[in-house]
Amino acid sequence: MFGALVGDLIGSVHEFAGTKRKDFSPLIHPAARFTDDSVLTCAVAEALLAGERAEAIARRFKRWGNRYPRCGFSAQFREWLWSSSLLPFGSFGNGAAMRVSPAALLARTADEALALAQATAEVTHDHPEGIRGAQAAALATFLALRGEPAQVIRRTVAEQSGYDLSRSVDEIRPAYRFDGTCQGSVPQALVCALEALDFEDAIRNAISLGGDADTLAAIAGAVAEARFGIPQQVARQVEAMMPADMREVMSDLYARAGRALPWAQGNMGTATFDPR
Ligand SMILES: [Mg+2]
C-alpha cells in the first residue's frame, strides 16, 4: 500500500549510501524516485484485485517489470523478468516482503493475510525464507490495520514467524550492514515500524540502519501507515511524483478495501458529509 511506496521513494537515495543517522534532511530528497519495491507492490495489488494466483501473478510481475525495467531490480530478478520462465527461482530475497502489503489490506482474517502473502511470494520467492518474510510483513501490517498495539504485533509475529523481534533499533544499528535477504532485513524493518512513534519516525528508523534502505523503509512504511496513517503533506508530495498507472492501482486498492486514499483524506469530511 501507499506507505510502502512512500518508504521506497524516501529510501531510494539512501540505498547504497550507508546512512546511519535518523536526522537526515530533507526527508524527501529532490532526487528520490520510486524503485522496484513500488513497481512490484502495484503489480501485487493489481493481481490480488483481479483474484489472480500462480502464473497469472508471475505474468503481472513481468508486465510491470518490463514497463519499468531500470528501477533497481536485482540481477536475479531481471534475469527471470527477461526470460520466458513463469516458474519461481528459489529466492529468499526481501523482494517477497517489500511488495506484499496489498495482501494485508485485502485480507479479512490473519489466516487469509498469510495465505495471500504466500501466494504472492512463491511465484518467484519459493524458498521457505522468502515465504516467511512475506508472511511476517503481511501479518504485521494486517494486525496494525486492526488496531493491535505494537507489543501484541511484536509477540504475534515473532510467534508465527520465529523471527527475533526483541531488539531495539539502537541495538541493531551499529553492526548492521546491507542485507538483501528476508531473514537479514524483514525482522529489522518490522522493529523499525513497531518501535516508531509516528509514520516519519518509522521511515527514519529504517533508513538509519544503513542497509537496503528503500526496501527496509518500504516494509516499515507499510506497517507504519497501518499504525499511524501518513501525514497529509508527505502523502501529497509523494502522490504528485507517482506515475498515473501506479496512482490508478492504489486508488482501486483502497476503494476495494473501503479505505480513504492517504493523499485525499483531507477531503473525506466534506465528501462523505450528509447534510440531513
Ligand atoms: Mg528498490
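Provided above is the structure to which this section pertains.
Everything in this summary refers to the structure shown in the same document. From a predicted model like this one, the values you see are computed outputs, not experimental measurements. Residues take numbers from 1 onward in each chain, read along the sequence in its written order. Two thresholds apply to this predicted model, a pLDDT of at least 70 for residue-level local features and 80 or more for giving and counting side-chain atom pairs, whereas whole-chain, interface and lining totals are computed over all residues. The side-chain quantities take in all heavy atoms of the structure and omit both hydrogens and water.

A few points about the coordination of the magnesium ion
Inference 1: Distances decide who is a donor: an N, O or S atom must be within 2.8 Å of the metal, or within 3.2 Å for Na, K and Ca. Water is not included, so sites may look incomplete. All of the protein donors around the magnesium ion are Thr35 (OG1), Asp36 (OD), Asp37 (OD) and Asp214 (OD); their distances to the metal are 2.0 to 2.4 Å.
Inference 2: Spacing between the donor residues of the magnesium ion along the chain follows T-D-D-x176-D. Neither aspartate 36 nor aspartate 37 differs from the other in exposure class; each is buried. Accessible area is worked out with a 1.4 Å probe on protein chains only. A residue is then buried under 20% of its type maximum, exposed over 50%, and partly exposed in between.

With respect to the nonpolar core
Where a protein is soluble and globular, its nonpolar side chains tend to be buried together.
Inference 1: Of all hydrophobic cores here, the largest spans 98 residues; its most connected members are Phe2, Phe61, Val157, Leu190 and Met250.
Inference 2: Helix and strand assignments come from DSSP, with helices taken as H or I runs of at least 4 residues and strands as E runs of at least 2, each series counted from the N terminus. Among the elements that line this core, the one with the most residues is helix 8 (residues 128–145), at 11 residues.
Inference 3: Note on contacts: a residue pair qualifies if any of its non-hydrogen atoms lie within 4.5 Å across the two residues. Contacts of methionine 250, omitting those with residues within four sequence positions, involve Met1, Phe2, Leu5, Thr41, Cys42, Met242, Leu261 and Trp263. In plain words, nonpolar cores are sets of buried Ala, Val, Leu, Ile, Met, Phe, Trp, Tyr and Cys residues tied together by side-chain atoms within 4.5 Å.

Structural notes on the pattern of salt bridges
Inference 1: Here, a salt bridge means any side-chain nitrogen of Lys or Arg that lies within 4 Å of a carboxyl oxygen of Asp or Glu. In the structure shown here, the tally under the stated rule is 11 salt bridges.
Inference 2: The salt bridge involving arginine 108 is made with glutamate 112; its shortest N-O contact spans 2.9 Å.
Inference 3: For arginine 108, a relative accessible area of 61% gives the class exposed.
Inference 4: Across the salt bridge formed by arginine 132 and glutamate 129, the nearest N and O atoms sit 3.0 Å from each other. Of this pair, arginine 132 and glutamate 129 both sit in helix 8, separated by three residues, roughly a single helical turn.
Inference 5: Residues joined in a network through salt bridges with shared partners are Glu46, Glu52 and Arg60.

Thoughts on the state of the cysteines
Inference 1: The rule for a disulfide is simple: a pair of cysteine sulfur atoms within 2.5 Å. Going through the model one piece at a time under the given rule, you end up with zero disulfides.
Inference 2: Cysteine cysteine 42 is unpaired, with the sulfur of cysteine 71 as its nearest cysteine sulfur at 11 Å.
Inference 3: We note that cysteine 182 lacks a disulfide partner, and the nearest cysteine sulfur, in cysteine 192, lies 15 Å from it.

Some details on the environment of glutamate 148
Inference 1: Tracing the chain through its elements places glutamate 148 in the loop between helix 8 and helix 9 (150–161).
Inference 2: Assessed through its relative accessible area of 33%, glutamate 148 is described here as partly exposed.
Inference 3: Spatially, the C-alpha atom of glutamate 148 lies 8.4 Å from that of arginine 227, the residues being 79 residues apart in sequence.

Notes on the packing of helix 12 (residues 199–208) against helix 13 (residues 213–228)
Inference 1: Helix 13 packs onto helix 12 with a crossing angle of 160° between their chain directions and a minimal axis gap of 8 Å. Judged on the interaxial angle alone, helix 13 and helix 12 are roughly antiparallel. Crossing hand, helix 12 versus helix 13: right-handed. Taking contact as the criterion, the partners of Phe199, Ala202, Ile203, Ala206 and Ile207 in helix 12 are, on helix 13, Ala213, Leu216, Ala217, Ala220, Gly221, Ala224, Glu225 and Phe228. Throughout, an axis means a line fitted to C-alpha atoms (over the contacting stretch in the case of helices), and angles, computed between N-to-C directions, take values from 0 to 180 degrees. Roughly parallel means an angle under 35 degrees; roughly antiparallel, over 145; roughly perpendicular, 65 to 115; everything else is oblique. Two helices cross in a left-handed way if the nearer one is turned anticlockwise from the farther one by less than a right angle. They cross in a right-handed way if the turn is clockwise.

So, the packing of aromatic side chains
Inference 1: Centre distance within 6.5 Å is the pairing criterion for rings of Phe, Tyr and Trp, where only the six-membered ring of Trp is used; planes under 30 degrees apart are then read as stacked, over 60 as edge-to-face, and the remainder as tilted. This model, assessed by the stated rule, comprises seven aromatic pairs.
Inference 2: Plain terms: the ring middles of phenylalanine 16 and phenylalanine 178 are 5.6 Å apart, the flat faces sit at 15° to each other, and that makes the pair stacked. Here the residue phenylalanine 16 occupies a position in the loop between helix 1 (2–11) and helix 2 (36–49), and phenylalanine 178 occupies one in the loop between helix 10 (169–172) and helix 11 (186–195), the gap between them amounting to 162 residues.
Inference 3: Centroid distance phenylalanine 77 to phenylalanine 89: 6.4 Å. Interplanar angle 70°. Geometry classified as edge-to-face. Of this pair, phenylalanine 77 sits in helix 4 (residues 75–81) while phenylalanine 89 sits in the loop between helix 4 and helix 5 (95–98); the two residues are 12 residues apart in sequence, bridging distant segments of the chain.
Inference 4: Overall, the relative accessible area of 22% leaves phenylalanine 89 in the partly exposed class.
Inference 5: Taken together, Phe73, Phe77, Trp80 and Phe89 form an aromatic cluster joined through their ring pairs.
Inference 6: A cation over a ring is seen here: arginine 67 above tryptophan 64, with NZ or CZ 4.4 Å from the ring centre.
Inference 7: Only when the NZ of Lys or the CZ of Arg is both within 6 Å of the ring centre and within 35 degrees of the ring normal is a charge said to sit over the ring. Across the ring face of phenylalanine 24, the terminal group of arginine 204 is positioned such that the distance to the ring centre comes to 4.6 Å.

A word on unusual backbone geometry
Inference 1: Put simply, serine 25 and proline 26 share a cis peptide bond, and its omega is 0°.
Inference 2: Topologically, proline 26 is positioned in the loop between helix 1 and helix 2.

Section: the side chain of threonine 141
Inference 1: Here threonine 141 is to be found in helix 8.
Inference 2: For threonine 141, a relative accessible area of 2% corresponds to the buried category.
Inference 3: Setting aside anything within four residues of it in sequence, one finds threonine 141 in contact with Met1, Ala104, Ala222, Val223 and Ala226.

Read these as spatial facts, not as claims about activity.
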